[in-house]
Amino acid sequence: MKYTEEHEWLRVEDDLVVVGITAHAAEQLGDVVFVELPDVGTTVSKDDEIVVIESVKAASDILAPLDGEIVEVNEALVDAPGTVNEDPTGAGWFFKMKVEDLSALDDLMDDAGYKDFIG
Amino acid sequence: MSDLRRTALYDLHVELGGKMVPFAGYEMPVHYAAGVMKEHLHCRARAGLFDVSHMGQVLVRAESGDGADAAQALEALVPVDLLGLKEGRQRYAMFTSEQGGILDDLMVANRGDHLFLVVNATCKTADIAHLRAHLRGCEITEVTDRALLALQGPEAGRVLSAHVPVAGMRFMDVAVLESDFGPLWVSRSGYTGEDGFEISVAEPRAEAFCRALLADGAVAPIGLGARDSLRLEAGLCLYGSDIDITTSPVEAGLAWAIQKARRGGGAREGGFPGAARVLKDLADGPARLRVGLAPQTRAPMRAGTPLFEAEIGGAPIGEVTSGAFGPTVEAPVSMGYVPAALAAEGTVLFGDVRGRRLPAKVVRLPFKTATYKR
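Keep in mind the model is a prediction, meaning the values are calculated, not measured. (Residues numbered from 1 in each chain as written. Chains lettered and ligands numbered in written order. Predicted model: local features only at pLDDT ≥ 70, side-chain atom pairs only at ≥ 80, totals over all residues. Heavy atoms only, no water.)

### Some details on the UniProt feature "domain: Lipoyl-binding" (unreviewed entry) in chain A
Logical step 1: Summarizing the sequence annotation, UniProt attributes the feature "domain: Lipoyl-binding" (unreviewed entry) to residues 16-98 of chain A in the numbering used throughout.
Logical step 2: End C-alpha to end C-alpha, residues 16-98 of chain A measures 5 Å, and it is 18% helix and 42% strand. (UniProt positions renumbered as here; feature names shortened; annotations may be inferred. Helix = DSSP H or I, 4+ residues; strand = E, 2+ residues; numbered from the N terminus.)

### Description of the environment of Thr328(B)
Residue and element names in this part refer to chain B.
Logical step 1: When you line up the elements, Thr328 lands in the loop between strand S16 (318-326) and strand S17 (331-339).
Logical step 2: For Thr328, a relative accessible area of 27% corresponds to the partly exposed category.
Logical step 3: Along the backbone, Thr328 and Leu230 are 98 residues apart, and their C-alpha atoms lie at a distance of 8.6 Å.
Logical step 4: For Thr328, the contacting residues outside a window of four places in its chain are His40, Leu41, Arg44, Glu233 and Lys368. (Buried < 20%, exposed > 50% of the residue type's maximum accessible area, 1.4 Å probe, protein only. Contact = heavy atoms within 4.5 Å.)

### Brief notes about the UniProt feature "modified residue: N6-lipoyllysine" (unreviewed entry) in chain A
Logical step 1: Per the UniProt record, "modified residue: N6-lipoyllysine" (unreviewed entry) is annotated on Lys57(A).
Logical step 2: The topology assignment puts Lys57(A) in the loop between strand S6 (49-55) and strand S7 (59-63).
Logical step 3: Beyond its immediate stretch of four places on either side in the chain, Lys57(A) contacts Gln28(A), Leu29(A), Gly30(A), Lys19(B), His31(B) and Arg302(B).

### Some words on the nonpolar core
Residue and element names in this part refer to chain B.
Logical step 1: Of all hydrophobic cores here, the largest spans 54 residues; its most connected members are Phe50, Tyr92, Ile243, Leu254 and Leu293.
Logical step 2: Both domains that furnish three or more residues to this core are identified here as domain 1 (10-53 + 145-233) and domain 2 (287-374).
Logical step 3: Once you skip the residues sitting within four places of it in the chain, Tyr92 turns out to touch Val80, Asp105, Leu106, Met107, Met172, Tyr191, Ile243, Leu254, Trp256 and Ala257. (Core = buried A, V, L, I, M, F, W, Y, C linked by side-chain atoms within 4.5 Å. Domains from an automatic or database assignment.)

### Remarks on the environment of His163(B)
Residue and element names in this part refer to chain B.
Logical step 1: Within the secondary structure, His163 is located in the loop between helix H5 (156-161) and strand S10 (174-177).
Logical step 2: With 16 residues separating them along the chain, His163 and Ser179 place their C-alpha atoms 6.2 Å apart.
Logical step 3: Apart from the residues lying within four places of it in its own chain, the contact partners of His163 are Glu178, Ser179, Phe181, Phe209, Ala212 and Leu213.

### A few points about unusual backbone geometry
All names here are of chain B.
Logical step 1: For the peptide bond that leads from Leu365 to Pro366, omega is 0°, which places it in the cis range.
Logical step 2: Along the chain, Pro366 falls in the segment after strand S19 (356-363).
Logical step 3: At Glu330, a position not held by glycine, the phi torsion is positive, near 55°.
Logical step 4: For Glu330, the location among the structural elements is in the loop between S16 and S17.

### Some words on the UniProt feature "binding site: substrate" (unreviewed entry) in chain B
Residue and element names in this part refer to chain B.
Logical step 1: Taken from the UniProt record, the annotation "binding site: substrate" (unreviewed entry) applies to Glu198.
Logical step 2: With respect to the element layout, Glu198 can be found in strand S12 (residues 196-202).
Logical step 3: Take Glu198: its relative accessible area is 11%, and that puts it in the buried class.
Logical step 4: What Glu198 contacts, discounting residues up to four positions off in sequence, is Leu148, Leu149, Ala150, Trp185, Val186, Ser187, Ser189, Gly190 and Tyr191.

### Here's the deal with the packing of aromatic side chains
Logical step 1: Inspection of the entire model under this criterion finds 6 aromatic pairs over all chains.
Logical step 2: Where Phe171(B) meets Tyr372(B), the ring centres are 4.0 Å apart and the plane angle is 10°; that geometry is what we call stacked. Of this pair, Phe171(B) sits in the loop between H5 and S10 while Tyr372(B) sits in the segment after S19, placing them 201 residues apart in sequence. The pair Phe171(B) / Tyr372(B) is uniform in exposure class, with both members buried.
Logical step 3: Taken together, the ring pairs connect Tyr3(A), Tyr114(A) and Phe117(A) into an aromatic cluster.
Logical step 4: Here the guanidinium or amino end of Arg111(B) rests over the ring plane of Phe116(B), the centre of that ring lying 4.7 Å away.
Logical step 5: Between Arg146(B) and the ring centre of Trp185(B), over which it is positioned, the NZ or CZ distance is 4.0 Å. (Phe/Tyr/Trp six-rings, centres within 6.5 Å; stacked < 30°, edge-to-face > 60°. Lys NZ or Arg CZ within 6 Å of the ring centre and 35° of its normal.)

### Considerations on the sheet that holds strand S4 (residues 32-36) of chain A
Residues and elements named next belong to chain A.
Logical step 1: Across the sheet, which stays open at both edges, the 3 strands sit in the order S4-S6-S7 with antiparallel pairing between neighbours. The two strands at the open ends of the sheet, each matched to only one other strand, are S4 and S7. Averaged over all adjacent pairs, the angle separating strand axes in this sheet is 25°, with direction ignored.
Logical step 2: Relative to S6, S4 is paired through 4 bridges, and the arrangement is antiparallel. (Pairing = 2+ DSSP bridges. Axes fitted to C-alpha atoms, helices over the stretch in contact; angles between N-to-C directions.)

### Some thoughts on the interface of chain B and chain A
Logical step 1: Each partner contributes residues to the interface: chain B has 12 residues there, and chain A has 14 residues.
Logical step 2: Summed over both sides, the interface between chain B and chain A buries roughly 1200 Å², with carbon and sulfur atoms accounting for 50% of that surface.
Logical step 3: Of the charged contacts, one joins Glu54(A) and Arg354(B) as a salt bridge, the two residues approaching to 2.9 Å between their closest N and O atoms.
Logical step 4: Inspection of the chain B/chain A interface yields 7 residue pairs in polar contact (both at pLDDT 80 or more). (Buried area = accessible area lost by both parts, 1.4 Å probe. Salt bridge = Lys/Arg side-chain N within 4 Å of Asp/Glu carboxyl O. Polar contact = N/O pair within 3.5 Å; in protein donor to acceptor, adjacent residues only side chain to side chain.)

### Details of the pattern of salt bridges
Residue and element names in this part refer to chain B.
Logical step 1: Within the structure shown, the criterion is met by 27 salt bridges over all chains.
Logical step 2: As a salt-bridge pair, Glu155 and Arg46 come within 2.7 Å of each other at their nearest N and O atoms. Within this pair, whereas Glu155 is found in the loop between strand S9 (146-152) and H5, its partner Arg46 is found in the loop between helix H2 (36-45) and strand S3 (47-51), the two being separated by 109 residues in sequence.
Logical step 3: By relative accessible area, which is 34% here, Arg46 ends up partly exposed.
Logical step 4: The salt bridge partner of Glu75 is Arg268, with a shortest N-O separation of 2.7 Å.

### Brief notes about a negative patch on the surface
Logical step 1: On the surface, a cluster of negative charge is contributed by Asp48(A), Glu49(A), Asp61(A), Asp67(A), Glu100(A), Asp101(A), Asp106(A) and Asp107(A).
Logical step 2: For Glu49(A), the position within the fold is in strand S6. (Patch = residues over 30% accessible without salt bridge, like charges linked within 9 Å, V, L, I, M, F, W, Y side chains within 5 Å. Areas by Shrake-Rupley, 256 points an atom, 1.4 Å probe, with all protein chains shown as cover. Lys, Arg positive; Asp, Glu negative; His and termini not counted. Charge placed at Lys NZ, Arg CZ, Asp CG, Glu CD.)

This is how it looks when you write it as structure tokens:
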């Protein structure tokens, strides 16, 4: 698993990059009550705001971690946004994207790096 | 954080896992380990304990020693019938401005030879100065050595009965009751829409009292986050958001708090700051009204969301003043001001959420029916 400084995790499955937010981020946000996902087929650039999540506290944006195309979104979150808190790194994933070059992930933090990052 | 004050319960909040945040000049728990959603639901299902010691507690005594003189004096600052308030009862009131806006909302209790007021934390310094400047012949004392707690929820009465005899109290009754924790100033009221109590206890005994309440398995500590979502579902105003110096009590839907005696044709008509505007709003109906708004998608419409009459075009007709997800109604809930012509139940308006106009229906408040013990 790889991590961004925006507290997203990325995992490669079948040559696609699965993206969600970390347990640390989910805990900081508090109970998630609303998730707005991008349309499948959207071409995104790194740092585009592509997901809106609202917790009991506030709204936040999830940024595209890499350039690529959204090929699948986790529709189950629309009706069950609390999944993001219950299982942030599993069933609480947000979207899958196709990226040109998977080696772009090499620049991101690994487990140890992220652990240091959140102190 | 160095300038922030702490309540007598600060150490207990930290021990209970409270996430402390600055609020109204105090370090207060926004939530505990359970989180806002679970705390909210727990309060509605069983009982929640809140530290509201940041709020102002004020005693108003007439120099004559007659409680009626204090009530009469205070009527000059609020549009509420206080001479008609019986001993052992409390009423909701608001300090009005000369323009008929709201300077603060408060509770006024008749405790026989004096009045006991509970005012908002953010306003308390200004309120006390206001009282001292305008209440001639009265002594105004801020109570600074007592904590204030709220115990709210269906099991609150059972839990508190183990310490003081409250079973006979009904909604808005007040009493001073002896307990193992010294005299408790109890009112059967609160700000969640649930049956419950607000309890003032001497600071040195406050933590022990809280621990005794928390020892009952029904009681969980509740932070400011859930306090806000509970009062919003109950359709209650938050000063500074839903009401302020620009809103008249009538626009705010608080005309119920203005008794007959203070209205046009009443025994003591007017006689409070801004009476001209308030009485005119009562007689003619206000130009705008606070309404409940049920967003028709899952997206919460938070404070500041501009409201429109149509999905496309036009200028904003109003604004959301409070909005969040309502854990009990399991849907987003908002309140805001709209022109009177658009305030009818069922009217569909549109709120601009991140550049998109999403529908919201005007609904009757509260979102969650109150369960007060009347």
